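Single-letter residue listing:
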Amino acid sequence: GAVVSQHPSRVICKSGTSVKIECRSLDFQATTMFWYRQFPKQSLMLMATSNEGSKATYEQGVEKDKFLINHASLTLSTLTVTSAHPEDSSFYICSATPSNQPQHFGDGTRLSIL
Amino acid sequence: QKEVEQNSGPLSVPEGAIASLNCTYSDRVSQSFFWYRQYSGKSPELIMSIYSNGDKEDGRFTAQLNKASQYVSLLIRDSQPSDSATYLCAVNKRAAGNKLTFGGGTRVLVKP
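From a predicted model like this one, the values you see are computed outputs, not experimental measurements.

A. Local environment of the overall build of chain A. Along its length, chain A carries zero helices and 11 strands. Along the chain direction, N to C, the helices and strands of chain A fall in the order β-β-β-β-β-β-β-β-β-β-β. Relative to the 2.2 N^0.38 estimate, which gives 13 Å for 114 residues, the radius of gyration of chain A is 13 Å and therefore close to what a compact globule would have. Projected onto its principal axes, the C-alpha coordinates of chain A cover approximately 40 × 25 × 20 Å.

In structure tokens form, the structure reads like this:
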């Protein structure tokens with residue numbers, strides 16, 4: 001089945017640090033990937049749609065300069081949380097859609113900002 | 001009104017019983033419907049997808065879709081303690097590409 005790999009699985013860092021999270025589709029090409037954020041006991045909230053070779057589409061209320069998305073190839077999208085602060089601590093999850101299939105999720109990245 | 005609504009639970013069921021989860025959605029143009037299971041601290045995994053009215057069965061899981069009433073449900077037969085998780089309902093509209101809108105999730109507790 002389709003596999004989406006996300007790295008790293010856990011990050012703990014100091015406030016002000018920028019953190020990069022990678023999302024890879026391992027056995028299929030993904031022109032579109034999605035980035036979600038999930039706070040404790042809440043559902044997934046879509047942050048942005050990552051588009052290969054073009055700018056990401058951000059959801060309302062998500063700062064594009066804060067959450068930089070790059071989708072330079074058909075198998076890799078990256079999310080960079082710039083100058084992270086404690087309120088950015090959350091569970092970040094990416095997903096991708098093989099053709100004619102539902103979204104498959106990566107294992108998620110738990111980000112903790114001290 | 002939220003686009004996709006679920007009862008947050010917890011839904012407590014005894015082992016071996018049927019767990020019944022419901023989800024309603026507000027946009028009539030919604031076309032694809034999904035149930036994901038999420039264990040605590042893990043990412044969601046796809047359980048079922050359903051695209052047309054009626055029932056769809058896969059093992060112990062049955063998804064039911066009623067577009068006229070704008071609801072989709074999930075039945076878990078012979079519930080096992082390993083089914084204890086949060087179940088997320090997700091809806092897709094063709095105009096939204098592959099973008100999904102998630103409900104808040106229903107927490108299910110299966111008691112031995």
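B. Region of interest: the pattern of salt bridges. This model, assessed by the stated rule, comprises six salt bridges over all chains. For Glu59 of chain A, the salt bridge is made with Lys99 of chain B, and the minimal N-O distance between the two is 3.1 Å. Of the two residues, Glu59 of chain A is situated in the loop between strand 6 (57-58) and strand 7 (67-73) and Lys99 of chain B in the loop between strand 9 (85-93) and strand 10 (100-102); the pairing between them involves two chains. The class of Lys99 of chain B is partly exposed, set by a relative accessible area of 27%. Asp88 of chain A is paired through a salt bridge with Lys66 of chain A; the nearest N and O atoms lie 2.8 Å apart. With Asp88 of chain A in the loop between strand 8 (76-81) and strand 9 (90-96) and Lys66 of chain A in the loop between strand 6 and strand 7, this residue pair connects regions lying 22 residues apart in the sequence.

C. Region of the structure containing the environment of Gly104 of chain B. Counting through the fold element by element, Gly104 of chain B comes out in the loop between strand 10 and strand 11 (106-111). Through-space distance from the C-alpha of Gly104 of chain B to that of Phe34 of chain B is 13 Å; in sequence the pair is 70 residues apart. When sequence neighbours within four positions are dropped, the list of residues in contact with Gly104 of chain B reads Ser43 of chain A together with Val4, Gln6 and Leu88 of chain B.

D. Region of the structure containing the side chain of Ser79 of chain B. Residue and element names in this part refer to chain B. For Ser79, the location among the structural elements is in the loop between strand 8 (71-76) and strand 9. In this structure the side chain of Ser79 is engaged in a polar contact, spanning 2.9 Å, whose partner is the backbone oxygen of Ala17. Among all residues touching Ser79, those that are not within four sequence positions of it are Val13, Pro14, Glu15, Gly16, Ala17, Ile18, Ala19, Arg60 and Val110.

E. Molecular detail of the sheet that holds strand 3 (residues 19-25) of chain A. Residues and elements named next belong to chain A. Taken in spatial order, the four strands of this open sheet run 1-3-8-7, and their pairing is antiparallel. Bordering the open sheet on either side are strand 1 (4-7) and strand 7, each of which pairs with just one other strand. The mean inter-strand angle of the sheet, taken between neighbouring strand axes irrespective of direction, is 15°. Inspection of the sheet shows strand 7 paired to strand 8 by five bridges, in the antiparallel sense. In the strand pairing of strand 8, Ile69 is matched with Leu79.

Thresholds applied
- What you see as residue numbers is a count from 1 along each chain, following the sequence as written.
- Chain letters and ligand numbers both follow the written order, the letters beginning at A and the numbers at 1.
- The predicted origin of the model limits local features to residues at a pLDDT of at least 70 and limits the giving and counting of side-chain atom pairs to 80 or more, whereas totals for whole chains, interfaces and linings rest on all residues.
- In computing side-chain properties, one takes all heavy atoms of the structure into account and sets aside hydrogens as well as water.
- Note on conventions: DSSP H or I runs of at least 4 residues are helices, E runs of at least 2 residues are strands, and numbering of each starts at the N terminus.
- Put simply, the radius of gyration uses C-alpha atoms, and a globule should come to 2.2 Å times the residue count raised to 0.38.
- The salt bridge criterion pairs a side-chain nitrogen of Lys or Arg with a carboxyl oxygen of Asp or Glu, the two atoms within 4 Å.
- Only protein chains enter the accessibility calculation, which uses a 1.4 Å probe; a residue whose area is less than 20% of its type maximum is buried, one above 50% is exposed, and one in between is partly exposed.
- Contact definition: two residues touch when any of their heavy atoms are within 4.5 Å.
- For this analysis, a polar contact is any N or O atom pair within 3.5 Å, provided that within protein one partner can donate a hydrogen and the other can accept it, and provided that sequence-adjacent residues contribute only side-chain to side-chain pairs.
- A strand pair is defined by DSSP finding two or more bridges across the two strands.
- All axes here are fitted lines through C-alpha atoms, helices being fitted over the stretch that makes contact, and every angle between N-to-C directions spans 0 to 180 degrees.

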